[in-house]
Amino acid sequence: MNAQDLKNSILQRAIEGKLVPQRKEEGTAKDLLAEIRAEKARLVKEKKIKKSKPLPEITDDEKPFDIPDSWKWVKLGDCTGYAQTKEKVSPKDITGDMWSLDLEDVQKDTGAILVKTKASERKISGDKVKFHKGQVLYSKLRPYLKKILVAPDEGICTPELVPFDTYLIDENYIAYVLRSPHIDYVINSVTYGVKMPRVGTDTMTNLLIPLPPLAEQKRIVAKIEE
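Values in this document were obtained by computation on a predicted structure and should not be read as measured data. (Residues numbered from 1 in each chain as written. Predicted model: local features only at pLDDT ≥ 70, side-chain atom pairs only at ≥ 80, totals over all residues. Heavy atoms only, no water.)

Draft legend 1. Highlighting the layout of surface pockets. What the largest pocket holds in volume is close to 910 Å³. Lining the largest pocket are 35 residues, with Lys40, Pro54, Leu55, Gly77 and Asp78 sitting closest to its centre. Of all the secondary-structure elements, those providing two or more residues to the lining of the largest pocket are α2 (29-45), β1 (72-75), α3 (76-79) and α6 (201-205). Within the lining of the largest pocket, the residues separate by chemical class into 14 nonpolar, nine polar and twelve charged. Taken together, 16 residues form the lining of the second largest pocket, with Lys48, Gln84, Thr85, Gln135 and Asp165 sitting closest to its centre. In terms of residue class, the lining of the second largest pocket is made up of five nonpolar, five polar and six charged. (1 Å grid on protein atoms, 1.4 Å probe; cavity = no way out; pocket = protein on both sides within 12 Å on 5 of 7 lines; lining within 4 Å. Points joined across faces, edges and corners; volume = space filled by probe spheres on them. Helix = DSSP H or I, 4+ residues; strand = E, 2+ residues; numbered from the N terminus. Nonpolar A, V, L, I, M, F, W, Y, C, P; charged D, E, K, R; others polar.)

Structure (structure tokens):
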């Protein structure tokens, strides 16, 4: 088994609930999902996010593998703001000191930032998208490259990177889930475009995600990084 196979094995075990033991005192994902829905309702009421259409219920036939009883299958759109409108920035509003992130700046597979470039150091053409510290950034172009990261700071990026918030969920856990072999296979089986394959918003919003209790998510992230 080479290094990449080992990494994939760890990530797959993580999303199946086999990487760390479950702890009864940490509660259940069912309770967490109720809290997420309440949080989203609060944000809608405060006009911080737009109300989204309810996603179809998940049937037993859709569930790809078994997960622990304290976990729950959810859709990415249920627990994140992937489909929320992104804040666009026109070239005239971009200042030279802004961090300008492009796909070439992100390492494939790991999501590591290879170089941090200011807007003044690169040619800016067309609108960019604003992102904030702590948001997940997901490359919808050539998703098989797994250019996925959690933003360490705020900046602007190419529209090919989708910044989104997570609601009461560990953002690093979501990033690892999106890099896992099963999720990677699902996404890349439904991309469109031959030379420049992309994944659509509906696909990502309806993507099935195995959700553990929040405390367990944090333990999973710590174990993966260990």
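Text resumes after the structure shown.
Draft legend 2. Spatial organisation of the packing of aromatic side chains. All told, the structure shown has four aromatic pairs when counted by the stated rule. Through successive ring pairs, a cluster of aromatic residues spans Tyr82, Tyr138 and Phe164. Looking at Lys86, its charged tip hangs above the ring of Tyr82, at a distance of 5.8 Å from the centre. (Phe/Tyr/Trp six-rings, centres within 6.5 Å; stacked < 30°, edge-to-face > 60°. Lys NZ or Arg CZ within 6 Å of the ring centre and 35° of its normal.)

Draft legend 3. Just the sheet that holds strand β5 (residues 136-139), in detail. The antiparallel open sheet is built from three strands, whose spatial order is β6-β5-β8. Whereas interior strands pair on both sides, the edge strands pair on one side only; in this sheet they are β6 (148-150) and β8 (161-164). When strand polarity is set aside, the average angle formed by the axes of neighbouring strands in this sheet is 20 degrees. Contacts between helix α4 (residues 171-179) and the sheet are confined to β5, β6 and β8, with β6 contributing the most and set at about 175 degrees to the helix. (Pairing = 2+ DSSP bridges. Axes fitted to C-alpha atoms, helices over the stretch in contact; angles between N-to-C directions. Contact = heavy atoms within 4.5 Å.)

Draft legend 4. Layout of helix α7 (residues 214-225). An ideal rise of 1.5 Å per residue puts 16 Å on twelve residues; α7 measures up with 17 Å between its terminal C-alpha atoms. Among the residues of α7, those classed as buried are Glu216, Gln217, Arg219, Ile220, Val221 and Ile224. Residues of α7 that are buried sit in contact with α1 (3-15), α2, α4 and β9 (208-211). (Expected span 1.5 Å × (residues − 1). Buried < 20%, exposed > 50% of the residue type's maximum accessible area, 1.4 Å probe, protein only.)

Draft legend 5. Looking closely at the environment of Ile148. With respect to the element layout, Ile148 can be found in strand β6. C-alpha of Ile148 to C-alpha of Tyr176: the two residues are 28 residues apart in sequence and 8.5 Å apart in space. Sequence-distant contacts of Ile148, that is, excluding residues within four places in its chain, are made with Thr110, Gly111, Val136, Leu137, Tyr138, Ala175, Leu178 and Arg179.

Draft legend 6. Examining unusual backbone geometry more closely. Of note, the phi angle at Lys47 is positive, near 60 degrees, even though the residue is not glycine. Within the element layout of this structure, Lys47 appears in the loop between α2 and β1. One non-glycine residue, Leu168, lies in positive phi territory at about 60 degrees. You can see Leu168 is positioned in the loop between β8 and α4.

Draft legend 7. Structural context of the sheet that holds strand β2 (residues 88-89). Overall, mixed pairing links the four strands, which are arranged β2-β4-β7-β3 in an open sheet. Single-partner strands in this sheet number two, and they are β2 and β3 (100-101). As paired elements, strand β4 (residues 128-131) and strand β7 (residues 155-157) share three bridges and run antiparallel to each other. Residue pairing for β7: Lys130 is matched across the bridge by Ile156.

Draft legend 8. Representation of the side chain of Thr80. With respect to the helices, strands and loops of the structure, Thr80 is situated in the loop between α3 and β2. A polar contact is formed between the side chain of Thr80 and the backbone oxygen of Leu76, at a distance of 2.8 Å. (Polar contact = N/O pair within 3.5 Å; in protein donor to acceptor, adjacent residues only side chain to side chain.)

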